[in-house]
Amino acid sequence: MLKLETRRLFAIASVALRYPEHEWLKVFEGIDDELDSFDPETKEGLRSLLAHFCSKSIMDLQIDYVNTFDRKRRACLYLSYYLNGDTRKRGMALLNFKNLFASEGWKSTSDELDDFLPILLEFIAVTNSPAGLFLLQEHKAGLALMEIALRDMKSPYAGLIKELHNRACRLDMEQYPDSIPDGERIQQRFAELLVKECSKVIRNGGYWSGGPLGPKRQCTPPEIATMIEEHFGVKE
């Protein structure tokens with residue numbers, strides 16, 4: 001079972017990462033008081049992002065969103081893209097998302113594809129599904145690469161994606177409490193996981209996401225492969 005604080009974070013992120021609309025902005029009105037339930041670092045990151053939203057017109061936010069997520073595939077919000085690209089194999093990956101949602105009797109009201117990150121975050125926040133969390137953890141590499149791309153762009157969204165990636169890593173490690181290191185070693189472990197995950201995307205195309213036929217070679221998109229090579233020196 002996820003802590004309420006984590007589900008609240010996922011719920012806020014599921015809205016913050018969608019295309020900005022007037023109704024979308026209303027969700028954040030008066031939300032500042034609710035941020036007190038988060039740890040100081042998470043609270044500061046969310047306040048910084050909300051301050052950015054409040055400092056821009058809706059049109060400016062929409063332009064920024066399109067330029068960030070829609071025109072640069074390095075920061076794609078569709079999780080299965082990082083491991084599959086625009087190939088037929090992505091169809092099976094999308095089916096995994098759809099089947100998971102159906103198994104919990106949940107259906108998104110969005111017109112986006114089922115691997116859209118805000119949809120998965122909303123699903124986990126609403127259903128508290130262990131399988132949903134597992135699926136998010138399977139795509140930690142995509143989150144890590146997304147955060148790197150956003151950081152390179154100096155995007156205000158980078159901090160939120162970093163928090164989601166760190167949270168996914170932390171929750172993964174919490175399944176094995178005896179192995180959790182203390183203090184600075186936790187941050188070192190996060191860094192090691194990030195490099196390992198990103199390297200895996202190039203070396204063997206990803207990892208098994210529960211498909212019936214087991215792991216298969218995937219097709220890493222060229223722009224994602226280039227970014228991994230630039231940051232980690234890992235080549236296919």
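Shown above is the structure to which this text applies.
Keep in mind it's a predicted model, so treat the numbers as computed, not measured.

Structural notes on the overall build of the chain
- What the chain contains, in helices and strands, is 12 helices and 0 strands.
- Classification of the 236 residues of the chain by burial places 49% in the buried group.
- Taking the contacts inside the chain whose residues are at least 6 apart along the sequence as the reference set, 65% of them involve residues at least 24 apart.
- In the structure as shown, the chain presents an accessible area of about 12500 Å², 52% of it carried by carbon and sulfur atoms.

What to know about unusual backbone geometry
- Unlike most non-glycine residues, Asn128 shows phi in positive territory, near 55 degrees.
- Its place among the elements puts Asn128 in the loop between helix H7 (117–127) and helix H8 (130–138).
- Overall, Asn128 belongs to the buried group, its relative accessible area being 8%.
- In this structure, Lys154 takes a positive phi of about 55 degrees despite not being glycine.

Concerning the pattern of salt bridges
- Overall, the coordinates contain 8 salt bridges when judged by the stated rule.
- Among the ionic pairs, Asp36 bridges to Arg47, the shortest N-O distance being 3.3 Å. Within this pair, whereas Asp36 is found in the loop between helix H2 (22–26) and helix H3 (40–55), its partner Arg47 is found in helix H3, the two being separated by 11 residues in sequence.
- Note on Arg47: relative accessible area 29%, which makes it partly exposed.
- Salt bridges here are not isolated pairs; linked through shared partners, they connect Glu5, Asp39, Glu163 and Arg167.

Points about the environment of Glu104
- Looking at where Glu104 falls in the secondary structure, it is placed in the loop between helix H6 (89–103) and H7.
- Classification of Glu104 by relative accessible area gives partly exposed; the value is 38%.
- For Glu104 and Ser129, which are 25 residues apart along the polypeptide, the C-alpha to C-alpha distance reads 7.9 Å.
- Residues in contact with Glu104, not counting those within four places in the same chain, are Phe123 and Ser129.

Parameters and conventions
- Residues numbered from 1 in each chain as written.
- Predicted model: local features only at pLDDT ≥ 70, side-chain atom pairs only at ≥ 80, totals over all residues.
- Heavy atoms only, no water.
- Helix = DSSP H or I, 4+ residues; strand = E, 2+ residues; numbered from the N terminus.
- Buried < 20%, exposed > 50% of the residue type's maximum accessible area, 1.4 Å probe, protein only.
- Contact = heavy atoms within 4.5 Å.
- Areas by Shrake-Rupley, 256 points an atom, 1.4 Å probe, with all protein chains shown as cover.
- Salt bridge = Lys/Arg side-chain N within 4 Å of Asp/Glu carboxyl O.

So far we have only geometry, and geometry alone does not tell us how the molecule works.
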